[in-house]
Amino acid sequence: MEKTELLSLLKRLGIRFHLTEHVPVMTVKEAALIHEGIPGLACKCLFLRGKDGRLWLIGVPSAMRADMHALAAALDSGRLSFASSELLKGHLGLLPGAVSLFGAVNNRENSVSVVIEQTLMQAEMVCFHPLVNSATVSLAPADLMLFLRHTGHEPVVVGGIGAT
């Protein structure tokens, strides 16, 4: 699925969202420069692989430094490391720089588990790339959960995995 199809799906699901087009950004630091004026909590996503081979797509606030040891403990996973760009493309249809919870829509075989850091659930709106790094979608956390469940992914909500 591509951006336009994703946006159409959100509309079909009755999800209200705000789309902001912007220059492509590859890093959290670059994204911070364009986030002013975009409604909602800036978020980042990590695509991780456990020592046991399990794959994880993690959404956290952009300002949070994820503690990989705490995250591994919370997920009852062995040591976690960043998954390769080949796995990213193969399982989520995404390229580096565009890692997003919206990538779950391309993971029809449910080989990737979705994790959301608990503070995202308390925000009025959260922001993620819509499968490309040249736009940002802002939506309510409840609508994000609706979307993820529609894709067949029941997100795990965890806390205590990082510091801001």
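Residues numbered from 1 in each chain as written. Predicted model: local features only at pLDDT ≥ 70, side-chain atom pairs only at ≥ 80, totals over all residues. Heavy atoms only, no water.

K.L.:
How should unusual backbone geometry be read in this particular structure?
P.N.:
Only a minority of non-glycine residues have a phi that is not negative, and only a minority of peptide bonds are not trans. The phi dihedral of Asp76 falls on the positive side, at around 55°, and the residue is not glycine. Non-glycine residue Asn110 carries a positive phi angle of around 55°. Tracing the sequence through the fold places Asn110 in the loop between α4 (85-92) and β6 (112-117). What makes Asn110 partly exposed here is its relative accessible area of 40%. (Helix = DSSP H or I, 4+ residues; strand = E, 2+ residues; numbered from the N terminus. Buried < 20%, exposed > 50% of the residue type's maximum accessible area, 1.4 Å probe, protein only.)

K.L.:
Got a minute to help me understand the pattern of salt bridges in this structure?
P.N.:
Close approach of charged atoms lets side chains of opposite charge pair. Tallied over the entire structure, the rule returns three salt bridges. In this structure, the salt-bridge partner of Arg54 is Asp52, at a minimum N-O distance of 2.8 Å. For Arg54, a relative accessible area of 33% corresponds to the partly exposed category. For Glu154, the salt bridge goes to Arg149, with nearest N and O atoms at 2.9 Å. (Salt bridge = Lys/Arg side-chain N within 4 Å of Asp/Glu carboxyl O.)

K.L.:
Would you take a moment to explain the layout of surface pockets for this structure?
P.N.:
It is the rolling of a water-molecule-sized probe over the atoms that shows where space remains empty. Here the largest pocket is characterised by a volume of approximately 560 Å³. Val28, Lys44, Cys45, Gly97 and Val99 are the residues nearest the centre of the largest pocket, which is lined by 29 residues in total. The set of elements that each furnish at least two residues to the lining of the largest pocket consists of α2 (28-35), β2 (41-50), α4 and β7 (126-128). No other element matches β2, which puts six residues into the lining of the largest pocket. Its residues placed into classes, the lining of the largest pocket shows 20 nonpolar, eight polar and one charged. (1 Å grid on protein atoms, 1.4 Å probe; cavity = no way out; pocket = protein on both sides within 12 Å on 5 of 7 lines; lining within 4 Å. Points joined across faces, edges and corners; volume = space filled by probe spheres on them. Nonpolar A, V, L, I, M, F, W, Y, C, P; charged D, E, K, R; others polar.)

Limitation: the analysis is restricted to geometry and does not speak to function.
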